[in-house]
Protein chains: 2
Amino acid sequence: IYAGVEQMARKYGYHVVVAASNYQYDTEHQEVDRMVSQGCKAIVMYPIIRNRQQLKEDYLKKEYRDIAITLIDMAFEEQKRSQVIFDNYTAGYDMTMLLAKAKCSRIAFMDYNTPDCYYMHRSLIDRRQGYKNALGDMGLPCNSDDYLLIQRPAAQSITESVISAMPAIFEQWKNNAYFPVGLVCMDDSAAMTVIRIANECGIKVPEELKIVGFDNLKSAASFIPAFPTTEVNFARASAIAAEMAIKEATGKQNNTSVYMLQAPVTRVKALSLKAVKTR
Amino acid sequence: IYAGVEQMARKYGYHVVVAASNYQYDTEHQEVDRMVSQGCKAIVMYPIIRNRQQLKEDYLKKEYRDIAITLIDMAFEEQKRSQVIFDNYTAGYDMTMLLAKAKCSRIAFMDYNTPDCYYMHRSLIDRRQGYKNALGDMGLPCNSDDYLLIQRPAAQSITESVISAMPAIFEQWKNNAYFPVGLVCMDDSAAMTVIRIANECGIKVPEELKIVGFDNLKSAASFIPAFPTTEVNFARASAIAAEMAIKEATGKQNNTSVYMLQAPVTRVKALSLKAVKTR
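As the structure is a prediction and not an experimental result, all values here were calculated from the model.

A. Just the state of the cysteines, in detail. Residues and elements named next belong to chain A. By the definition in use, this model includes 0 disulfides over all chains. Cys185 takes part in no disulfide bond, and the closest cysteine sulfur, belonging to Cys104, lies 12 Å away. Among the residues examined, Cys185 registers a relative accessible area of 1% and is labelled buried.

Structure below.
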């Protein structure tokens with residue numbers, strides 16, 4: 001993200017000040033406050049994921065309304081800020097279609113959340129809608145059983161939560177002749193963890209279970225077996241967000257706008273058995 | 001466009017009423033009036049191209065301010081309506097860069113307009129700015145001669161106007177050792193017409209002149225020689241526009257917003273001579 005912001009700041013002759021929110025809503029708020037008091041007129045932000053209450057009372061809605069704050073990826077319209085987001089609805093739709101066309105007759109979707117505190121994860125909300133619509137368009141069942149909601153206690157990492165939850169789910173699937181044969185994971189990181197656990201449970205990927213991820217993580221690029229993922233260009237997103245923020249701060253752009261970047265599916269061939277066997 | 005609107009109307013439980021403007025500003029106005037009097041609260045519109053005077057006095061600015069009208073593609077900010085548009089600036093920039101990288105040392109841009117009545121074609125205005133900036137960034141000449149403005153009398157189709165204008169331009173180019181070797185056409189339809197005329201004039205495409213189009217028309221998909229174009233997802237654009245209109249009509253969204261979708265370049269390989277020769 002920094003690279004894109006730096007590029008635009010250089011182009012327009014601005015300096016860049018950096019701060020990290022450490023995944024804390026209050027820290028994010030404090031850092032914005034500090035930046036504004038230092039004289040920043042334009043801020044590009046990758047917002048931390050808010051829970052319902054935080055989003056409802058979001059400081060971005062009420063405070064710093066004269067500062068051009070543009071949001072990347074994890075943004076909601078109700079924050080009333082210009083945004084650069086990825087088209088995760090289409091990404092979820094396309095991934096589900098890809099599995100359906102690879103003859104997956106039952107497709108599950110993996111999500112996560114923290115018990116008793118609903119976090120609003122923009123990308124997952126959009127992808128899930130795409131998943132549902134793709135199932136509908138293909139005439140495939142949309143069972144509530146196939147929505148795998150991983151419980152993530154506040155003290156645990158997402159990976160730890162996936163490792164805790166998946167073995168029991170896979171054991172259940174093995175006792176059911178009609179278990180899902182396609183699984184849309186949260187991202188590449190979850191996909192790799194899931195593939196490892198599936199292997200340990202004696203479920204062959206991709207022969208018995210086809211997996212797809214998202215976000216084209218570097219660590220997944222050489223993972224075997226390969227699986228489809230989406231390309232997301234964060235440098236491009238942040239360059240656009242920085243340019244929007246500069247234009248708003250200098251009065252060249254008045255209303256808020258949403259720039260939607262594509263997150264196209266890549267590594268599609270990984271789903272064909274043939275491609276896997278020749279490795 | 002209809003498909004995307006229908007999808008969202010179904011999701012939110014609305015009916016869809018359809019009307020056509022027949023490329024007439026007055027007809028468009030009348031049809032909006034009819035829809036409003038029939039009780040429509042939300043309208044998704046692909047606006048006809050306005051001339052300067054029409055845009056200045058646009059009925060969309062003053063009338064039906066309590067009706068949620070969202071615009072697709074051919075929209076301007078001054079209409080003060082929510083919009084879903086494609087990033088044609090970047091499309092024009094990327095196409096020009098593509099030609100520059102294919103060793104085109106002089107690149108022309110094709111536009112059209114009606115004599116004595118300047119029409120505001122949003123996509124072409126944006127693409128032309130992208131073309132100019134790309135030439136600048138590559139250090140290529142930006143000659144006014146290379147801006148081909150096709151005169152289109154009101155009674156003529158765009159294709160007819162291209163057919164009328166291009167032979168003389170090509171004959172002129174042939175007498176000039178340094179004629180443009182890259183041409184950014186208005187769209188795929190113009191690109192196909194231009195290639196046909198170039199052939200008739202004895203100019204080889206892509207060996208002597210490289211052509212690019214826009215909008216990924218179905219009729220151009222199997223055209224030989226192939227040429228690069230842009231992907232534009234109108235179904236997605238109209239689904240977003242319909243959802244925006246519904247949210248505005250039901251009070252869930254108050255301010256107007258601009259949604260900008262990517263129009264990424266595709267069929268890039270068509271520009272390499274090697275790919276063409278193997279056909």
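B. Up close: the interface of chain A and chain B. Between chain A and chain B, the residue contacts involve 19 residues of the former and 17 residues of the latter. Taken over both partners, the interface formed by chain A and chain B buries close to 1700 Å², and the fraction arising from carbon and sulfur atoms is 39%. Counting the surface chain A buries against chain B, the share from its top three residues, Glu77, Met260 and Gln262 of chain A, is 32%. Taken together, the connections running from chain A to chain B amount to 1 salt bridge. A salt bridge links Arg236 of chain B to Asp87 of chain A; the shortest N-O distance between them is 2.7 Å. Grouping the amino acids of the side of chain A that touches chain B by side-chain chemistry returns 6 nonpolar, 8 polar and 5 charged. By the bridge criterion, 4 bridges tie strand E9 (residues 257-261) of chain A to strand E9 (residues 258-261) of chain B in an arrangement that is parallel. Looking at E9 of chain B, one finds that Met260 of chain A is bridged to Leu261 of chain B.

C. Main features of the sheet that holds strand E6 (residues 182-184) of chain A. Residues and elements named next belong to chain A. Taken together, the 4 strands give an open sheet; going across it, the order is E5-E4-E6-E7, and neighbouring strands pair in parallel fashion. Pairing within the sheet leaves two strands with one partner each, and these edge strands are strand E5 (147-151) and strand E7 (210-212). Averaged over all adjacent pairs, the angle separating strand axes in this sheet is 25°, with direction ignored. Across 5 bridges, the pairing between strand E4 (residues 107-113) and E5 is parallel. Bridge pairing in E5 links Tyr112 to Ile150. Against the sheet, helix H5 (residues 88-101) engages E4, E6 and E7, with an angle of about 170° to E6. In the packing of helix H6 (residues 122-138) onto the sheet, the strands contacted are E4, E5 and E6, and the crossing angle to E4 comes to about 160°.

D. Just the domain arrangement of chain A, in detail. Residues and elements named next belong to chain A. Its domain assignment divides chain A into domain 1 (2-86 + 232-261) and domain 2 (88-231 + 266-277). Centre-to-centre, using C-alpha coordinates, domain 1 lies 31 Å away from domain 2. Contacts between the two partners involve 15 residues from domain 1, matched on the other side by 13 residues from domain 2. Buried area between domain 1 and domain 2, summed over both chains or domains, comes out near 1300 Å², and the portion from carbon and sulfur atoms is 60%. The interface formed by domain 1 and domain 2 holds 0 salt bridges in total. Summed over the shared surface of domain 1 and domain 2, the result is 4 residue pairs in polar contact (both at pLDDT 80 or more). Only helix H3 (52-56) and strand E3 (83-86) provide two or more residues apiece to the side of domain 1 that touches domain 2. Grouping the amino acids of the side of domain 1 that touches domain 2 by side-chain chemistry returns 8 nonpolar, 4 polar and 3 charged.

E. Representation of the packing of aromatic side chains in the model. This model, assessed by the stated rule, comprises 20 aromatic pairs over all chains. Judged by centre distance (6.4 Å) and plane angle (15°), the ring pair of Phe109 of chain A and Tyr147 of chain A falls under stacked. With a gap of 38 residues between them, Phe109 of chain A in strand E4 and Tyr147 of chain A in strand E5 connect regions that are remote in the sequence. Chaining the aromatic ring pairs together yields one cluster made of Tyr25, Tyr59 and Tyr64 of chain A. When the ring centre of Phe76 of chain B is taken as reference, the NZ or CZ atom of Arg122 of chain B above it lies at 5.8 Å.

Basis of the calculations
- Residues numbered from 1 in each chain as written.
- Chains lettered and ligands numbered in written order.
- Predicted model: local features only at pLDDT ≥ 70, side-chain atom pairs only at ≥ 80, totals over all residues.
- Heavy atoms only, no water.
- Disulfide = S-S within 2.5 Å.
- Buried < 20%, exposed > 50% of the residue type's maximum accessible area, 1.4 Å probe, protein only.
- Contact = heavy atoms within 4.5 Å.
- Buried area = accessible area lost by both parts, 1.4 Å probe.
- Salt bridge = Lys/Arg side-chain N within 4 Å of Asp/Glu carboxyl O.
- Nonpolar A, V, L, I, M, F, W, Y, C, P; charged D, E, K, R; others polar.
- Pairing = 2+ DSSP bridges.
- Helix = DSSP H or I, 4+ residues; strand = E, 2+ residues; numbered from the N terminus.
- Axes fitted to C-alpha atoms, helices over the stretch in contact; angles between N-to-C directions.
- Domains from an automatic or database assignment.
- Polar contact = N/O pair within 3.5 Å; in protein donor to acceptor, adjacent residues only side chain to side chain.
- Phe/Tyr/Trp six-rings, centres within 6.5 Å; stacked < 30°, edge-to-face > 60°.
- Lys NZ or Arg CZ within 6 Å of the ring centre and 35° of its normal.

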